[in-house]
Amino acid sequence: MPIILIYKELNHLIDDYYKCPFTHIKEQILIDINLLTDALLMFDADLQLEAPLKSI
């Protein structure tokens, strides 16, 4: 379930990025997009491990 929320938020951020007219805000949105993308990649890598990493 949490992965679905990450995907939804990522889609909202991408929409916001393209609709935003302000460069400095777009830069902040892009940082958030990159952070969520990294989180998805880490989640995917964790699923592929035979012994998943423990969450903190």
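About the criteria used
- Residues numbered from 1 in each chain as written.
- Predicted model: local features only at pLDDT ≥ 70, side-chain atom pairs only at ≥ 80, totals over all residues.
- Heavy atoms only, no water.
- Helix = DSSP H or I, 4+ residues; strand = E, 2+ residues; numbered from the N terminus.
- Buried < 20%, exposed > 50% of the residue type's maximum accessible area, 1.4 Å probe, protein only.
- Areas by Shrake-Rupley, 256 points an atom, 1.4 Å probe, with all protein chains shown as cover.
- Patch = residues over 30% accessible without salt bridge, like charges linked within 9 Å, V, L, I, M, F, W, Y side chains within 5 Å.
- Salt bridge = Lys/Arg side-chain N within 4 Å of Asp/Glu carboxyl O.
- Lys, Arg positive; Asp, Glu negative; His and termini not counted.
- Charge placed at Lys NZ, Arg CZ, Asp CG, Glu CD.
- Core = buried A, V, L, I, M, F, W, Y, C linked by side-chain atoms within 4.5 Å.
- Contact = heavy atoms within 4.5 Å.
- Phe/Tyr/Trp six-rings, centres within 6.5 Å; stacked < 30°, edge-to-face > 60°.
- Lys NZ or Arg CZ within 6 Å of the ring centre and 35° of its normal.

Caption draft 1: Region of the structure containing the overall build of the protein chain. The secondary structure content of the protein chain amounts to two helices and zero strands. Classification of the 56 residues of the protein chain by burial places 14% in the buried group. In the form shown here, the protein chain has an accessible surface area of approximately 5000 Å², with 64% of it arising from carbon and sulfur atoms.

Caption draft 2: The arrangement of a negative patch on the surface in detail. A cluster of acidic residues, Glu9, Asp15, Asp16 and Asp32, forms a negative patch on the protein surface. By residue number, the principal contributor to the negative patch is helix α1 (residues 2-19), which donates three residues.

Caption draft 3: Summary view of the nonpolar core. Residues Leu10, Leu13, Cys20, Ile29, Ile33, Leu36 and Leu40 constitute the largest nonpolar core, which totals seven residues. For this core, the secondary-structure elements that each account for two or more residues are α1 and α2 (23-48). Top contributing element to this core by residue count: α2, with four residues. In this structure, Leu13 is in contact with Ile29, Asp32, Ile33 and Leu36, ignoring residues within four places of it in sequence.

Caption draft 4: Region of the structure containing the packing of aromatic side chains. In total, this model carries one aromatic pair according to the counting rule given. Relative to Tyr18, the ring of Tyr17 has its centre 5.4 Å away and its plane inclined at 85°; by these criteria the two rings are edge-to-face. Relative accessible area serves as the criterion here: at 65%, Tyr18 is assigned to the exposed category. Over the ring of Tyr17 we find Lys26; its NZ or CZ atom is 4.6 Å from the centre of that ring.

Caption draft 5: View of the environment of His12. By secondary structure assignment, the location of His12 is in helix α1. Along the sequence, His12 and Ile33 sit 21 residues apart, while their C-alpha atoms lie 9.6 Å from each other.

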